[in-house]
Amino acid sequence: MNKNYDVIVVGAGHAGCESANAAAKLGSKVLLITMNMETIAKMSCNPAIGGVAKGQIVREIDALGGLTGQITDMSTIQFRLLNRSKGPAMWSPRAQCDRMVFSWQWRLALERNLNIDFWQDNVSEILTLNGKVCGVKTSMGLVFNCKALVITSGTFLNGLIHIGKKNFGGGRASESASYGISACLEKLGFESGRMKTGTPPRIDGRSLDYSKMEEQAGDEFPSQFSFWGKPITTQQKSCFITYTNENVHAILREGFQDSPMFNGTIQGIGPRYCPSIEDKINRFAERERHQIFVEPEGLETVEIYVNGFSTSLAEDVQYRALKQIAGFENAVMFRPGYAIEYDYFPPTQLKPSLETKLVSNLFFAGQINGTTGYEEAACQGLMAGINAHNRISDKEPFVLLRNEAYIGVLIDDLINKGTDEPYRMFTSRAEYRILLRQDNADQRLCKKGYELGLLERSNYDKYLKKIESIGQLIALTKQTKPDLEEINPILSHNNSSILDEKTSINKLLSRPNLGFDTLTANTFGFSKPFEVFSREVKEEAEIMIKYEGYINKESEMALKINTLENIRIKPNFNYALVKSLSTESREKLMKIQPETIGQASRISGVSPADISILLVHFGR
């Protein structure tokens, strides 16, 4: 057995998989330690990837050279681009996945990476020497040495599962919790806390009456997550929508007295934007019904995920309530929902690279940092894997700015503001969301991924070819000025003002109700040159033309603000020396120890006046 590695990754969830793959692909010899080799990349909660803001993150991972997008495309059973009725900054891809295929494809991908070894065991101790991580010890008593360590423990650290009055240790259903890491980290001086999440019951789809529900089909022409794949051609499966009612709510309320949510048993804080069903009917008592999404777990299985019915109530209460939902009258339950509490470590203890401040070469990624969601975990894992490799290779940390990626927004929020509830990404968290669209993730990040060594040359060449095509198409729109007798009928048909003089396609595309499809969907000569361009290229060019003014304005704003990122603060600077700072600001700055003035400006409690004082102090 090899006992010496460059990087060890603890945990094989979404963060761990991306982390191990990234570090190994960059050249590090990696050991991936997991408690169960059969549950690599298991979708512990809903069998879906993407959604609002989350879909943008997955496309960013893909553009950098990560694998979540590609694995999702291999396992997709339904694809939808959400928010098409809104502006392109809000468009968000989402895929319903085959849970088993997703996990299996991830395992195959990792096994094909020859720089990755696997070990099934529980890590019980983190080993350090002179303030630097040097290895781990497992429950079997084995010691593995490493130069860098990435902890991606998910919900397993001292995990405690709740179902009504029952509670028992576990990382998720039928899997044991992980003990030892939390105590070890606390002994090293790390601050810890408790969080809570939950999952709904799973139902036998053969027992449901779908005729009483609203069908939710996938897109007629589905796209895909990965920039490097082909559009999804798998037969799509529909999801369905139904609703709770007063009878359901009445039965659920009967279980409140034994609910760990309300009797004080659960101490951890749950996700604000994904509350349990008992929390919803308690907080929104005036609502007569709540939406339930009926989601298939796979292409072949009959197992159904009841999205919107996350609960920790007793199993008999869950079952009786479910049977009152339209279409669930004869429902057969496979397993009940449950809540789970677990340890996390406030992310203000991390550097922008996700390396811990207390212990060198130790990185945290995923739910250990207080986040929730596969996508948030995966992108942190990717960044931690890259930076673990860079750290031991004497390379600069790889950090994304807030105007470069949602990944940058997420990590910046975590390390500067922290979180006392499970953090979930939303488009509203990003001040530059016109720049951070799902369609242009490749333009923002492919070059960075290629320069890192993570994105293959063949994929980078595809990206360059696409950019060239977009440039050619935009140039063509500026050159093309259709005759009035050709274009005016099209404009009139689309309720757009007709022209008195020839105007370029470029200017016409700036009108809100006109697009390539409407302007070139005819047999006129001017439309022929546009036929050679792909749908993807046309869509990207159209967005760039329509929103050029907004994009330029946001880019200029980001450029101004980012000048503060270039003003570095020396490590362990003593803010007590700056007497003019407010007391709150001084305390926050001392605790977080920002690396730049830009980072300091985003810390809660540090005011613009405090930033001005720092600039004066540093002679700027």
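Bear in mind that the values here come from a model prediction, so they are computed numbers and not experimental data.

Novice: Would you take a moment to explain the overall build of the chain for this structure?
Specialist: Across its full length, the chain carries 20 helices and 20 strands. At 26 Å, the chain has a C-alpha radius of gyration in line with the 25 Å of a compact globule built from 620 residues. Considering only C-alpha atoms, the chain reaches an extent of 80 × 70 × 55 Å along its principal axes. Here the analysis covers contacts within the chain between residues at least 6 apart in sequence; of these, 72% occur between residues at least 24 apart. Here the chain displays about 26000 Å² of accessible surface, and carbon together with sulfur accounts for 50% of that area. Here the chain carries 72 positive and 72 negative side-chain charges, and the mean point of each set is 3 Å from the other.

Novice: What am I meant to see in the side chain of Glu 542 here?
Specialist: Turning to its location among the elements, Glu 542 is positioned in helix α16 (residues 535-546). Lacking a salt bridge, the buried Glu 542 has Lys 546 as its closest oppositely charged neighbour, with an N-O distance of 4.5 Å. For Glu 542, the residues in contact, after removing those within four places along its chain, are Leu 509, Leu 514, Gly 515 and Phe 516.

Novice: Just to check I follow, could you spell out the packing of aromatic side chains for this structure?
Specialist: Counting across every chain of the model gives 14 aromatic pairs. An angle of 50° between the planes, with centres 5.6 Å apart, marks the rings of Phe 190 and Phe 364 as tilted. With Phe 190 in the loop between α5 (181-187) and β12 (193-199) and Phe 364 in strand β20 (residues 362-364), this residue pair connects regions lying 174 residues apart in the sequence. Side by side, Phe 190 and Phe 364 carry an identical accessibility label, which is buried. The rings of Phe 190, Phe 345 and Phe 364 are connected pair by pair, giving a single aromatic cluster. Its end group placed over the ring of Phe 227, Arg 59 keeps NZ or CZ at 4.0 Å from the ring centre. When the ring centre of Tyr 423 is taken as origin, the NZ or CZ atom of Arg 429, which lies over that ring, is 4.1 Å away.

Novice: Please clarify how empty space enclosed by the protein should be interpreted in this entry.
Specialist: Which parts of space are left empty comes out when a probe the size of a water molecule is rolled across the atoms. For the structure on display, the rule yields 1 cavity of 30 Å³ or more. Estimated volume of the largest cavity: approximately 40 Å³. Every residue along the wall of the largest cavity is listed here: Lys 42, Ser 44, Arg 172, Ala 173, Arg 202, Arg 335 and Tyr 338. Along the lines of polarity and charge, the residues of the lining of the largest cavity split into 2 nonpolar, 1 polar and 4 charged.

Novice: So what exactly am I meant to see when it comes to unusual backbone geometry here?
Specialist: Note on backbone geometry: most residues besides glycine have negative phi, and most peptide bonds are trans. Positive phi is not limited to glycine here, since Asn 83 has a value of about 65°. Residue Leu 354 is not a glycine yet carries a positive backbone phi of 75°. With a relative accessible area of 1%, Leu 354 lands in the buried category.

Novice: Would you mind showing me how to read the sheet that holds strand β5 (residues 92-97) here?
Specialist: Backbone-to-backbone hydrogen bonds pair the strands of a sheet. The strands run either parallel or antiparallel. A sheet is described by the order of its strands in space; here 3 strands give the open sequence β3-β5-β4, paired in antiparallel fashion. The strands lining the two open edges of the sheet, one partner per strand, are β3 (48-50) and β4 (76-82). Mean inter-strand twist for the sheet, computed between neighbouring axes without regard to direction, equals 15°. Alignment of β3 against β5, held across 3 bridges, turns out to be antiparallel. Note on β5: the bridge partner recorded for Ala 48 is Gln 96. Strands β3 and β5 of the sheet are contacted by helix α2 (residues 54-64), whose axis makes an angle of about 85° with β5.

Novice: Before we go on, may I ask you to explain the pairing of strand β1 (residues 4-10) in this structure?
Specialist: Regular strands have side chains that alternate between both faces of the sheet. The element β1 is extensively covered by neighbouring structure, given that 6 of its 7 residues are classed as buried. Bridge count for β1 against strand β9 (residues 143-151) is 6 bridges, and the pairing is parallel. Residue pairing for β9: Val 9 is matched across the bridge by Val 150. Both β1 and strand β2 (residues 30-34) contribute to a ladder of 4 bridges, which runs parallel. Following the sheet pairing, Val 9 is matched in β2 by Leu 32.

Novice: Would you take a moment to explain the state of the cysteines for this structure?
Specialist: Linking two cysteines covalently through their sulfur atoms gives a disulfide. A complete count under the given rule lists 0 disulfides for this structure. With no disulfide partner, Cys 134 has as its closest neighbouring cysteine sulfur the one in Cys 146, 7.2 Å distant. Under the relative-accessibility criterion, Cys 134 is labelled partly exposed at 26%.

Novice: Is there a simple way to explain the pairing of strand β11 (residues 166-169) in this structure?
Specialist: With 4 bridges connecting them, strand β10 (residues 160-163) and β11 associate as antiparallel partners. For His 162, the partnering residue across the bridge sits in β11 and is Asn 167. Between β10 and β11, which pair antiparallel one after the other, the connecting turn spans 2 residues, and Gly 164 there sits at a positive phi close to 60°.

About the criteria used
- Residues numbered from 1 in each chain as written.
- Predicted model: local features only at pLDDT ≥ 70, side-chain atom pairs only at ≥ 80, totals over all residues.
- Heavy atoms only, no water.
- Helix = DSSP H or I, 4+ residues; strand = E, 2+ residues; numbered from the N terminus.
- Rg over C-alpha atoms; globule rule 2.2 N^0.38 Å.
- Contact = heavy atoms within 4.5 Å.
- Areas by Shrake-Rupley, 256 points an atom, 1.4 Å probe, with all protein chains shown as cover.
- Lys, Arg positive; Asp, Glu negative; His and termini not counted.
- Charge placed at Lys NZ, Arg CZ, Asp CG, Glu CD.
- Buried < 20%, exposed > 50% of the residue type's maximum accessible area, 1.4 Å probe, protein only.
- Salt bridge = Lys/Arg side-chain N within 4 Å of Asp/Glu carboxyl O.
- Phe/Tyr/Trp six-rings, centres within 6.5 Å; stacked < 30°, edge-to-face > 60°.
- Lys NZ or Arg CZ within 6 Å of the ring centre and 35° of its normal.
- 1 Å grid on protein atoms, 1.4 Å probe; cavity = no way out; pocket = protein on both sides within 12 Å on 5 of 7 lines; lining within 4 Å.
- Points joined across faces, edges and corners; volume = space filled by probe spheres on them.
- Nonpolar A, V, L, I, M, F, W, Y, C, P; charged D, E, K, R; others polar.
- Pairing = 2+ DSSP bridges.
- Axes fitted to C-alpha atoms, helices over the stretch in contact; angles between N-to-C directions.
- Disulfide = S-S within 2.5 Å.

By themselves these figures say nothing about function.
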